[in-house]
Amino acid sequence: MASIAEIIRSHHAEIVRCWMEEATRAASARGLDKPEFRNVMPIYLASLAESRASGGDGDDKQRQHVESHVSARLRQGFLVAEVVEEFAILGRCITQMWSTTPPELQPDGHDVERLYGELHVAMETVTDLFGKHLLEEEQTEKRYLRLLQQVASEALRLDGPSSRDQLKELLEVILEAMGAQSVALLLYELEGERLVTAASAGAANEQLEHYATSLDPKSFPGSIVAAGEEPYSLWDAMTTPLEVSDSLRQGGIHSLLGIRLPAHRALMGVLYVGLTDTRDFTGREKQRIQTLGQHLSVHLENARLYTKLQEKVEALQAERGLREQFVNILAHDLRGPLSAAKMGAHALIRAPEKLEARRDLVLRIDRNIERADQMVRDLLDANRIQGGQRLPLRLDTCDLGGIAHDVVEELAMLHGERFVLEAEDRVRGIWSAEELRRALWNLGTNALKYGADNFPITFTVTSTGAQARASVHNQGPAIARADQETIFQPFIRTRSAETGLSKGWGLGLTLVWGCAQAHGGKVELTSDAHHGTTFSLVLPWDARPFQADPNVAKRAGRASGLA
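Residues numbered from 1 in each chain as written. Predicted model: local features only at pLDDT ≥ 70, side-chain atom pairs only at ≥ 80, totals over all residues. Heavy atoms only, no water.

### Side note on the nonpolar core
Here is the rule: The definition of a nonpolar core used throughout is a set of buried Ala, Val, Leu, Ile, Met, Phe, Trp, Tyr and Cys residues joined through side-chain atoms within 4.5 Å. Categorising residues by exposure relies on relative accessible area from a 1.4 Å probe, with only protein chains included: less than 20% of the type maximum marks a residue as buried, more than 50% marks it as exposed, and the intermediate range marks it as partly exposed. Only DSSP runs of H or I covering at least 4 residues are called helices, and only runs of E covering at least 2 are called strands; the numbering of each starts at the N terminus. Contact definition: two residues touch when any of their heavy atoms are within 4.5 Å.
Grouped together as the largest cluster of nonpolar side chains are 42 residues, with contacts concentrated most on Trp431, Leu440, Phe459, Phe535 and Leu537. For this core, the secondary-structure elements that each account for two or more residues are helix H12 (400-415), helix H13 (433-450), strand S9 (457-463), strand S10 (468-474), helix H16 (508-518), strand S11 (522-528) and strand S12 (532-539). Apart from residues no more than four positions distant in its own chain, phenylalanine 535 is found in contact with Leu443, Asn446, Ala470, Ser471, Val472, Ile479, Ile487, Phe488, Leu509, Val523, Glu524 and Leu525. Ranked by size, the runner-up nonpolar core spans 33 residues in total, among them Ile15, Val16, Val126 and Phe130.

Given below as structure tokens:
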């Protein structure tokens, strides 16, 4: 009768070969990518024979072999059931060595029972080690998630000058959590796939902006996005045909693992880590980067919302300051004509018998009340425009050149002969003469305030087949590009206007824009130091459709780029 120890010694190579064939098939059936099988298991098999020769003193060695085997399998991404099955396969292969021999040559039942007892202990050890490992992994993961939360809470804004450093702090947490040597984050604007921001940490401090400018599938970031919700891994960055950054290659990074961060409104992210080893990533590593990526996405979204909230608060504070300034200017400007009208009225009350002789005083009262009334109407119209409403127009056939001529004459009477009119004959359309007169007056006085004193202000009226145009041009300092984007908003004045001597409500250009929009037209602005500044009212020949249908007016405003 043969003992199991003798059977293992005499058939050691055959048992190992049997185990490797069956274990390979089992791994392949689960989609595992050719894990290394010639590792600890042959040594463990030999220890089973040695333990019998030593009378059971080899139990500690067997446990050490099992622990080494489990450690290797954890690195390779095995699940607990897969490792347990490997020991069951080993038992079947050992049994096969005597299954065809005569009964008298087979080991006795006590010896077989002891073998399966040892294998059962090994399986329990596998389960116990996996349980401890998963618990440690869970605690480790929780610790890194808490650390990620802490760092993110201290670095909420993504638009400040230190945003890159703040992102790098977050990435260093992920770098440590993944046990990687390199990590990078890319944030793209979905529309146009424009790279918004990028940061990296670790051995390969990548110059990401130079290669990750788009999500082309030929690039590594593009491949991550194309993989959808699943992690995407790269075996060797040094030899891949995909486009990766030179600094990453020079940093000795081989294996890469990346995920697409969930898109939040307009932004989408790509997160990846790199190893100096050339190997596949385990299932646990893939799960961890997904968990970290999901939490990072939440923090980035919170940062984006926080940034927008800060912008809103700053905008409200700025608007509050503008409104307070506006109220002060309004009170000052209204006090002038109203005080003049009040003084004139008191003079007439004290000497009513002189009413006929003081007609000039009556006219002055009427003029000042009209000035105050115009101020109030301008304010109401500006609020109407700010609320998204179009100005109501009283439409009639009128001559744009004639309106410009009247405005130029009135301005010349008040401010001297600095105004020049160049108008084509009979530029006639169905418009509001009152609104056009106010718009051109505002453009003229605006040019007077901010243009060069020693140059003329030119009004030009022209026409084309599709539209009419009235322009006001002045020489002088150019309007900054940033100011051009906000200059038509209510209560907004340019930086030069704020620091200059000219005072105003910041409503004139808003009313010009509102006039153009109500007519179904637009306002064009060109300004540079060499050619000066030109505001142009561009009008369709007939404004009636734009008054009848508000949607037409809205579409026209959007098309003009001013809505």
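Following the structure, the description resumes.
### Digging into the state of the cysteines
Put simply, the rule reads: In this description, a disulfide is simply a cysteine sulfur pair whose atoms lie within 2.5 Å.
Taken as a whole, this structure holds 1 disulfide when the rule is applied. Each sulfur in the disulfide pair cysteine 18 and cysteine 93 lies 2.4 Å from the other. Between cysteine 18 and cysteine 93, the disulfide has an S-S torsion of -75° and is therefore left-handed. Here cysteine 18 is found in helix H2 (residues 12-29), whereas its partner cysteine 93 is found in helix H5 (residues 80-96), with 75 residues between them in sequence.

### A look at the confidence of the model for the protein chain
The condition that has to hold: Values of pLDDT, ranging from 0 to 100, describe the predictor's confidence in every residue of the model.
Looking at the protein chain, the pLDDT average stands at 78 and 74% of residues meet or exceed 70. Overall, residues 497-502 carries pLDDT values under 50, and its contacts beyond four positions in sequence, including any with other chains, amount to 8 contacts. Contacts for the low-pLDDT stretch residues 552-563, under 50 throughout, to residues beyond four places or in other chains number 19 contacts.

### A closer look at H13
Using the following cut-off: A helix is expected to span 1.5 Å multiplied by its residue count minus one.
Taking 1.5 Å per residue, 18 residues should reach 26 Å; H13 reaches 26 Å between its end C-alpha atoms and fits that length. Those residues of H13 not exposed but buried are Glu435, Leu436, Arg438, Ala439, Leu440, Asn442, Leu443, Gly444, Thr445, Asn446, Ala447 and Leu448.

### Details of the packing of aromatic side chains
Here is the rule: Note on ring pairs: Phe, Tyr and Trp rings are taken, using the six-membered ring of Trp, and paired if centres are within 6.5 Å. Classes follow the plane angle, with under 30 degrees stacked, over 60 edge-to-face and the rest tilted. Whether a charge lies above a ring is judged from NZ of Lys or CZ of Arg, which has to be within 6 Å of the ring centre and within 35 degrees of the ring normal.
Enumeration according to the criterion identifies 5 aromatic pairs in this entry. Ring plane angle 85° and centroid distance 5.1 Å describe the contact between phenylalanine 220 and tyrosine 272, whose orientation is recorded as edge-to-face. Of the two residues, phenylalanine 220 sits in helix H8 (residues 220-226) while tyrosine 272 sits in strand S5 (residues 267-275), which places them 52 residues apart along the sequence. Here phenylalanine 220 and tyrosine 272 have matching classes, each one buried. Ring plane angle 25° and centroid distance 6.1 Å describe the contact between tryptophan 431 and tryptophan 541, whose orientation is recorded as stacked. Of this pair, tryptophan 431 sits in strand S8 (residues 428-431) while tryptophan 541 sits in the loop between S12 and helix H17 (544-548), and the two are 110 residues apart along the sequence. Classification of tryptophan 431 as buried rests on a relative accessible area of 0%. The class of tryptophan 541 is partly exposed, set by a relative accessible area of 26%. Of the aromatic side chains, those joined through ring pairs into one cluster are Phe220, Tyr232 and Tyr272. Over the aromatic face of phenylalanine 281 sits the side chain of arginine 279, whose NZ or CZ is 5.6 Å from the ring centroid.

### Observations concerning the pattern of salt bridges
Spelled out, the test is: Criterion for a salt bridge: a side-chain nitrogen of Lys or Arg within 4 Å of a carboxyl oxygen of Asp or Glu.
Evaluated as defined, the whole model comprises 9 salt bridges. Residue glutamate 434 is joined to arginine 394 by a salt bridge in which the shortest nitrogen-to-oxygen separation is 2.4 Å. Note that glutamate 434 is positioned in helix H13 and arginine 394 in the loop between helix H11 (359-386) and strand S6 (396-399), a separation of 40 residues in sequence. You can call glutamate 434 partly exposed: its relative accessible area is 37%. Taking the relative accessible area as the measure of exposure, arginine 394 reaches 65% and is therefore exposed. In this structure, arginine 438 and glutamate 435 form a salt bridge, with 2.9 Å as the shortest nitrogen-oxygen distance. With a gap of 3 residues between them, arginine 438 and glutamate 435 both fall in helix H13, about one helical turn apart. Exposure remark for arginine 438: the relative accessible area of 11% places this residue in the buried category. In the salt-bridge network here, residues are joined through shared partners; they are Arg469, Lys522 and Glu524.

### What about the side chain of threonine 533?
Tracing the backbone through its elements, the reader meets threonine 533 in strand S12. Once residues within four sequence positions are removed from consideration, threonine 533 is found in contact with Val472, His473, Asn474, Pro477, Ile479, Leu525, Thr526 and Ser527.

### Focus: the sheet that holds S10
Worth spelling out the cut-off: Strands were regarded as paired on the criterion that DSSP finds at least two bridges between them. Axis definition: a line fit to C-alpha positions, over the contact stretch in the case of helices; interaxial angles, taken between N-to-C directions, run 0 to 180 degrees.
Strand order in the open sheet formed by 5 strands is S7-S9-S10-S12-S11, with mixed pairing between adjacent strands. Two strands in the sheet have a free side with no partner beyond their single neighbour: strand S7 (419-423) and S11. Direction aside, the axes of adjacent strands within the sheet are offset by 15° on average. Taken strand by strand, H12 contacts S7, S9 and S10, and its axis lies near 170° from that of S7. Contacts from H16 reach S11 and S12 within the one sheet, and its direction differs from that of S11 by about 135°.

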